[in-house]
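Listed here are the chains, written in short residue letters.
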Amino acid sequence: MKKIITYGTFDLFHTGHLKLLQRLKNLGDHLTVAVSTDEFNASKGKKTIIKFEDRIKIVSNIKCVDAVIAEDSWDQKEADIISNNISVFGMGSDWEGKFDDLNKYCKVVYLPRTEGISSTEIKKSLHPIDKVNINELKRALDIMSSIVEQLD
Ligand code: C2G
């Protein structure tokens, strides 16, 4: 059995994540996904919206995912690859070259990242109207009300 592994935060799970996992699964027969814990993300300087226990629940229910483990450190990859008898380690291309040293243990692949979608973009689009926008709205309202007064 050809086993694949990948690592990630998978916050606000989206089609960029899904397409990566599907393409990785197509490289073999079994896909293990290591999901970053909240503590590990804090060390990455990454703040997530969805907490670890929910992110790992979502990923474990993705059809092409066969197993999930926790990722709680940068250096667990070698041990995971050996203990899980992994043939291929894969990541999206934003990680190109960063894990080449793992090719001592298994094949290392980087697949093209899906453009136009990211957890960061989704968070930005959900961002409430901030102070600057409110002041601009107030200024526009003042102009509108002075125009209306002149019409009276
Ligand atoms: N990804 C993608 N296309 C996107 C967004 C993400 O292909 N539009 C891929 C990334 O390249 C990564 C995986 O989806 O391989 C998970 O992305 P993140 O959740 O952002 O993972 P990250 O925080 O980069 O953590 O030890 C490795 C780290 O845990 C990776």
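Section: the overall build of the protein
Phase 1: In terms of helices and strands, the protein carries six helices and five strands.
Phase 2: Reading the protein from its N end, one meets helices and strands in the order β-α-β-α-α-β-α-β-β-α-α.
Phase 3: With the principal axes as the frame, the protein shows a C-alpha extent of 80 × 30 × 30 Å.
Phase 4: Sorting the 152 residues of the protein into buried and exposed places 37% on the buried side.
Phase 5: Restricting the contact set of the protein to residue pairs at least 6 apart, pairs at least 24 apart contribute 62%.
Phase 6: The distance from the centre of the 22 positive side-chain charges to the centre of the 23 negative ones in the protein is 4 Å.

Observations concerning the pattern of salt bridges
Phase 1: As enumerated under the stated definition, the model contains eight salt bridges in all.
Phase 2: One salt bridge connects Lys 25 with Asp 66, and the closest N-O pair in it is separated by 2.9 Å. With Lys 25 in helix H1 (residues 15-25) and Asp 66 in the loop between helix H3 (52-60) and strand S3 (67-71), the pair connects residues that are 41 residues apart, well separated along the chain.
Phase 3: Classification of Lys 25 by relative accessible area gives buried; the value is 17%.

Some thoughts on the packing of aromatic side chains
Phase 1: Enumeration over the complete set of coordinates arrives at six aromatic pairs.
Phase 2: Arranged with centres 5.8 Å apart and planes meeting at 40 degrees, the rings of Tyr 7 and Phe 89 form a pair that is tilted. Placement of Tyr 7 in strand S1 (residues 3-8) and of Phe 89 in strand S4 (residues 88-92) is noted, with a sequence separation of 82 residues between them.
Phase 3: Each member of the aromatic cluster is reached from another via a ring pair, and the members are Tyr 7, Phe 40, Trp 74, Phe 89, Trp 95 and Phe 99.
Phase 4: Against the face of Tyr 7 rests Lys 77, its NZ or CZ located 4.8 Å from the ring centre.

Looking at the pairing of S4
Phase 1: With respect to burial, S4 is a largely interior element, five of its five residues being buried.
Phase 2: Burial along S4 is two-sided: the residues Val 88, Gly 90 and Gly 92 and Phe 89 and Met 91 are all buried.
Phase 3: The sheet contact formed by S1 and S4 spans two bridges and is parallel. Considered in S4, the bridge of Ile 4 is made with Val 88.

Overview of H1
Phase 1: Those residues of H1 that sit buried are Gly 16, His 17, Leu 20, Leu 21, Leu 24 and Lys 25. Take H1 and look down its axis: the buried residues cluster within an arc of 165 degrees, on one side only.
Phase 2: For H1, the secondary structure elements touched by its buried residues are S1, strand S2 (30-36), S4, strand S5 (107-111) and helix H5 (119-126).

Cut-offs used in this document
Residues numbered from 1 in each chain as written. Predicted model: local features only at pLDDT ≥ 70, side-chain atom pairs only at ≥ 80, totals over all residues. Heavy atoms only, no water. Helix = DSSP H or I, 4+ residues; strand = E, 2+ residues; numbered from the N terminus. Buried < 20%, exposed > 50% of the residue type's maximum accessible area, 1.4 Å probe, protein only. Contact = heavy atoms within 4.5 Å. Lys, Arg positive; Asp, Glu negative; His and termini not counted. Charge placed at Lys NZ, Arg CZ, Asp CG, Glu CD. Salt bridge = Lys/Arg side-chain N within 4 Å of Asp/Glu carboxyl O. Phe/Tyr/Trp six-rings, centres within 6.5 Å; stacked < 30°, edge-to-face > 60°. Lys NZ or Arg CZ within 6 Å of the ring centre and 35° of its normal. Pairing = 2+ DSSP bridges. Arc of directions from axis to C-beta.

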